[in-house]
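What follows is the residue order along each chain.
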Amino acid sequence: MLVVSAASRMTSEQPVVEQVKDNVRNSEECGKWALEFGDATKAKWNSRSSDPNGERFVCCKKFVCHHSGFMKVSVDANKRNFSKNSNCNATINIKVKLDTATTRRKDSFIQKGVLAVITIFDVHNHSLNTAEALTCLPSSGCKEKFIDYFNDGMGITEACKYHERILQLEEYKEEDMANSAINHPYRAVQHWYDQWCLLHLGPRTGQGLIEVN
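Residues numbered from 1 in each chain as written. Predicted model: local features only at pLDDT ≥ 70, side-chain atom pairs only at ≥ 80, totals over all residues. Heavy atoms only, no water.

> How would you explain the pairing of strand β2 (residues 45-51) if you had to name every residue and give the values?
Sheet topology note: the β2/strand β3 (residues 57-65) ladder contains six bridges and is antiparallel. By the bridge assignment, Ser50 is partnered in β3 with Lys61. Linkage of β2 to β3, two consecutive antiparallel strands, is achieved through a turn of five residues. (Pairing = 2+ DSSP bridges. Helix = DSSP H or I, 4+ residues; strand = E, 2+ residues; numbered from the N terminus.)

> Summarise helix α8 (residues 186-201); cite the residues concerned and give the values.
Taking 1.5 Å per residue as the helical rise, α8 with its 16 residues ought to reach 22 Å, and the 21 Å between its terminal C-alpha atoms agrees with that figure. Within the sequence span of α8, burial applies to Ala188, Val189, Trp192, Tyr193, Trp196 and Cys197. On its buried side, α8 packs onto α6 (143-151) and α7 (156-169). Positive backbone phi, approximately 85 degrees, marks Gly202, located one or two places after α8. (Expected span 1.5 Å × (residues − 1). Buried < 20%, exposed > 50% of the residue type's maximum accessible area, 1.4 Å probe, protein only. Contact = heavy atoms within 4.5 Å.)

> Report on the nonpolar core, specifying residues and quantitative values.
In a soluble, globular protein the nonpolar side chains are often hidden away together inside. Within the largest apolar cluster, 21 residues are counted, with the highest numbers of intra-cluster contacts made by Trp33, Trp45, Ile92, Ile94 and Ile118. Secondary-structure elements contributing two or more residues to this core are α2 (27-41), β3, β4 (91-97) and β5 (116-122). Here this core gets four residues from one element, more than from any other, and that element is α2. Residues contacting Ile94, with those up to four places away along its chain left out, are Cys30, Trp33, Cys59, Cys60, Lys61, Phe63, Ala116, Val117 and Ile118. Residues Tyr149, Phe150, Cys160 and Ala188 belong to the second largest nonpolar core, which totals 13 residues. (Core = buried A, V, L, I, M, F, W, Y, C linked by side-chain atoms within 4.5 Å.)

> Mind laying out the packing of α7 against α8, listing which residues take part and the relevant values?
Taken N-terminus to C-terminus, the directions of α7 and α8 make an angle of 125 degrees; their axes are 10 Å apart at the nearest point. Considering the angle they form, α7 stands oblique to α8. Of the two possible hands of crossing, α7 and α8 adopt the one that is right-handed. In contact with Ile156, Thr157 and Cys160 of α7, α8 contributes Tyr186, Val189, Gln190 and Tyr193. Here the residues of the contact of α7 with α8 sort into five nonpolar, two polar and no charged. (Axes fitted to C-alpha atoms, helices over the stretch in contact; angles between N-to-C directions. Parallel < 35°, antiparallel > 145°, perpendicular 65-115°, else oblique. Left-handed = near helix turned anticlockwise from the far one by under 90°. Nonpolar A, V, L, I, M, F, W, Y, C, P; charged D, E, K, R; others polar.)

All quantities given are derived from atomic positions and should not be read as evidence of function.
Right, here's the structure in full:
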């Protein structure tokens, strides 16, 4: 879906503001574009605002870096040892234009089915490719694989070790092992295991617990 290779943009040492065209056609595809761009650049983009309909466009969505201050407490107010809030100002704005006879006459890209204008403000105030940054990436991509491990009788630790061995066989680099999107942290696997146990074995306490005499 990406018209401009996100991977090639990572080689630039200077922060850039780019405007690119793409064949995104609706709000759902805007989200898929941001997800694909995030996978390529090892970042995560959260939806900040959305305008689903307009007189001159199909939809307009704004995404912010997951290290922005959006929906997060300030660093000073955070009582945990680690905060994802670095007040990062990096943004993505996607506007999907209307495809009408008038807009096709005025815009050659619309004639080709390229309706979206994507503005990327690529200025992060934090690193993207360090172990600390990679551990902050979402870890939901391979949940189904771990569910299969649990179905095969593996526990949390065994499933984590088995998954790491698979990554090594697939020739992932050592630094990739810190990437939570690929090699999920223990707490995420534990959460999935708790969900699996609740579904297949029932609750451990309270109503619904099976008593054994």
